[in-house]
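Read off the chains here:
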Amino acid sequence: MKNNYLKSGPIFLAFLCMGFGDVVGPLTSQLQADYELTNFMAGLVTFMGFIMFGLLSVPMALFQDRKSRKFVLLLGMVIALIGLILPILGDFSSFGLLLGALLLLGTGATLLQVAGNPIMRDVSPEGKYSRNLSFGQFFKAIGSLSGALIPLMAAKYWNLDWKILFPIYSVVLLIAVIYLYVVKIDEQKDDAATPASFGSVLALLKNPYVFFMVLAIFLYVGAEVSMSAKLPNYLAHQFNYDIKELGLWGTLFFFLALMTGRFLGGVILNWMSPTRFLKVTTVIAMLGILGLYIAPTAVIGFVSIFLIGLGFANIFPLVFSITIDAMPERSNEISGLMVTAIIGGAFVPLIFGAVADIFSLMAGFVVTLVCIGYIFGLSFYKRK
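Residues numbered from 1 in each chain as written. Predicted model: local features only at pLDDT ≥ 70, side-chain atom pairs only at ≥ 80, totals over all residues. Heavy atoms only, no water.

1. Some thoughts on the overall build of the protein chain
Part 1 of the argument: Helices and strands together make up the secondary structure of the protein chain, namely 16 helices and 0 strands.
Part 2 of the argument: Against the 2.2 N^0.38 benchmark of 21 Å for 384 residues, the protein chain shows a C-alpha radius of gyration of 20 Å, consistent with a compact globule.
Part 3 of the argument: Each of the three principal axes of the protein chain carries a C-alpha extent, and together these read 60 × 50 × 40 Å.
Part 4 of the argument: A buried classification covers 55% of the 384 residues belonging to the protein chain.
Part 5 of the argument: Here the protein chain displays about 16,600 Å² of accessible surface, and carbon together with sulfur accounts for 69% of that area.
Part 6 of the argument: Placing the 24 positive and 19 negative side-chain charges of the protein chain at their respective mean positions leaves the two points 9 Å apart. (Helix = DSSP H or I, 4+ residues; strand = E, 2+ residues; numbered from the N terminus. Rg over C-alpha atoms; globule rule 2.2 N^0.38 Å. Buried < 20%, exposed > 50% of the residue type's maximum accessible area, 1.4 Å probe, protein only. Areas by Shrake-Rupley, 256 points an atom, 1.4 Å probe, with all protein chains shown as cover. Lys, Arg positive; Asp, Glu negative; His and termini not counted. Charge placed at Lys NZ, Arg CZ, Asp CG, Glu CD.)

In structure tokens:
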């Protein structure tokens, strides 16, 4: 038992570091103000956070199939660490330097996703992969939340700003690198399996089950990014919240609910099957989205936001683990495809925005409802 905890410890720490990549969201408004950026230039901040998921996920999945997941995990941490140190050395002197740093941070987060999700299976007891992956996502949620909370606390108590994130994240990543380096991990490999290739990855998409599950990740991540971005607008639209002073509480509350839900998911999966839990959690998410339309007061609105966060919390690890458990011999290719699908966070919000511009903000939330409704329907799909 102690050996399991020793091996899983650095993996959970890697998931915490994985969440640091989500700092591009909270940083956008801060950098726009400090560097006097246009809206287009500010949009490059989040673009840097997503682009590498689309470009590197499959190549790195193939690389780790030949090298090792631990090596790719370490490489991702080191690249992210370099990205965090560069602005400190450059005294945050230019926006271009920050963009380069965020590109490296996004690259590191991509590698952590590619290697972290399947390597969790290597350090998990039999039948506990889904549970541990949910706990891993709980740690990732803590990392994601820190991007908004640490600058708020630094400004309130120490008269500091967002720059404090870089040395803090650097120290945590350095500890994670050392911890993972010294721990021996026995990776599960099927010696009879054919080595992964671009052809084998693309061939997997011809499998309807894999295609539908990868699409689920694409839609889920897009729905999550849409929620985190538009909930402040929802509070301003429905309850006249000042979007600059109070609207951000919508996003913070959503992330707190995600974090809570992922911890509870890790507990619930000790006694509930992943496929059944996927049905339950998507129903909760859809009820929360519908609650946004009927909430008569801000209190009920926040209850709906909390339900959305609880429902969203475990969808990613459930879809991921269910798919890999169904085809463990193709875990690296599946991991590459699913991490590539995270790029849905760049495209689904565009659809949300187009619908909101044409009709109304509340009509835009229908896009997220359709995304989660698709995953609910998919939870009944039986692989042949």
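That shown, we press on.
2. A closer look at the side chain of Thr107
Part 1 of the argument: Residue position: Thr107 is located in helix α5 (residues 95-122).
Part 2 of the argument: Excluding residues within four positions of it along the chain, Thr107 makes contact with Met52, Leu56 and Ile79. (Contact = heavy atoms within 4.5 Å.)

3. A closer look at the domain arrangement of the protein chain
Part 1 of the argument: According to the domain assignment, the protein chain consists of domain 1 (1-184) and domain 2 (196-383).
Part 2 of the argument: In this complex, domain 1 contributes 34 residues to the contact, which on the side of domain 2 involves 36 residues.
Part 3 of the argument: For the interface between domain 1 and domain 2, the tally reads 1 salt bridge.
Part 4 of the argument: Close ionic contact of Arg121 with Asp325 constitutes a salt bridge, the shortest N to O distance being 3.2 Å.
Part 5 of the argument: The interface formed by domain 1 and domain 2 includes 5 residue pairs in polar contact (both at pLDDT 80 or more). (Domains from an automatic or database assignment. Salt bridge = Lys/Arg side-chain N within 4 Å of Asp/Glu carboxyl O. Polar contact = N/O pair within 3.5 Å; in protein donor to acceptor, adjacent residues only side chain to side chain.)

4. Side note on a nonpolar patch on the surface
Part 1 of the argument: Nonpolar side chains collect at one region of the surface, where Val283, Leu287, Leu290, Tyr293, Ile294, Val366 and Val370 lie side by side and expose about 630 Å² of accessible area between them.
Part 2 of the argument: Contributing elements (two or more residues each) for the nonpolar patch: α11 (274-294) and α16 (361-378).
Part 3 of the argument: It is α11 that contributes the most residues to the nonpolar patch, 5 residues altogether.
Part 4 of the argument: Assignment of secondary structure puts Tyr293 in helix α11. (Patch = residues over 30% accessible without salt bridge, like charges linked within 9 Å, V, L, I, M, F, W, Y side chains within 5 Å.)

5. Some remarks on the pattern of salt bridges
Part 1 of the argument: Considering all chains together, one arrives at 7 salt bridges under this definition.
Part 2 of the argument: For Lys140, the salt bridge identified is with Asp22, shortest N-O distance 2.9 Å. In this pair, Lys140 sits in helix α6 (residues 129-157) while Asp22 sits in the loop between α1 (2-18) and α2 (24-34), placing the two residues 118 residues apart along the sequence.

6. Focus on unusual backbone geometry
Part 1 of the argument: Notably, Asp91 is not glycine yet its phi reads approximately 55°, a positive angle.
Part 2 of the argument: Structurally, Asp91 can be placed in the loop between α4 (69-89) and α5.
Part 3 of the argument: Positive phi, close to 55°, is recorded for Phe92, a residue that is not glycine.

7. Concerning the packing of aromatic side chains
Part 1 of the argument: The tally for this structure, following the rule as stated, stands at 25 aromatic pairs.
Part 2 of the argument: Look at Phe218 and Phe347: their rings are 6.5 Å apart centre to centre, the planes differ by 20°, and that puts the pair in the stacked class. With Phe218 in helix α9 (residues 208-239) and Phe347 in helix α15 (residues 344-358), the pair connects residues that are 129 residues apart, well separated along the chain.
Part 3 of the argument: Residue Phe347 is classed as partly exposed on the basis of its relative accessible area, which comes to 44%.
Part 4 of the argument: Ring geometry for Tyr234 against Phe239: centres 5.8 Å apart, planes inclined by 85°, an arrangement best described as edge-to-face. Of the two residues, Tyr234 and Phe239, neither departs from the other in class, the shared state being buried.
Part 5 of the argument: The side chain of Lys163 reaches across the aromatic face of Phe92, ending 5.9 Å from its centre.
Part 6 of the argument: The lysine or arginine in question, Lys279, covers the ring of Phe380, its NZ or CZ lying 4.9 Å from the ring centre. (Phe/Tyr/Trp six-rings, centres within 6.5 Å; stacked < 30°, edge-to-face > 60°. Lys NZ or Arg CZ within 6 Å of the ring centre and 35° of its normal.)

8. A look at the packing of α5 against α6
Part 1 of the argument: Their axes nearest at 8 Å, the elements α5 and α6 cross at an angle of 140°. One way to sum up the angle between α5 and α6 is to call them oblique. At the point where α5 passes α6, the crossing takes the right-handed sense. Residue-level inspection shows Gln113, Asn117, Pro118, Met120 and Arg121 of α5 in contact with α6, the latter providing Tyr129, Asn132, Leu133, Gly136, Gln137 and Lys140.
Part 2 of the argument: Residue classes in the contact of α5 with α6 are distributed as 4 nonpolar, 5 polar and 2 charged. (Axes fitted to C-alpha atoms, helices over the stretch in contact; angles between N-to-C directions. Parallel < 35°, antiparallel > 145°, perpendicular 65-115°, else oblique. Left-handed = near helix turned anticlockwise from the far one by under 90°. Nonpolar A, V, L, I, M, F, W, Y, C, P; charged D, E, K, R; others polar.)

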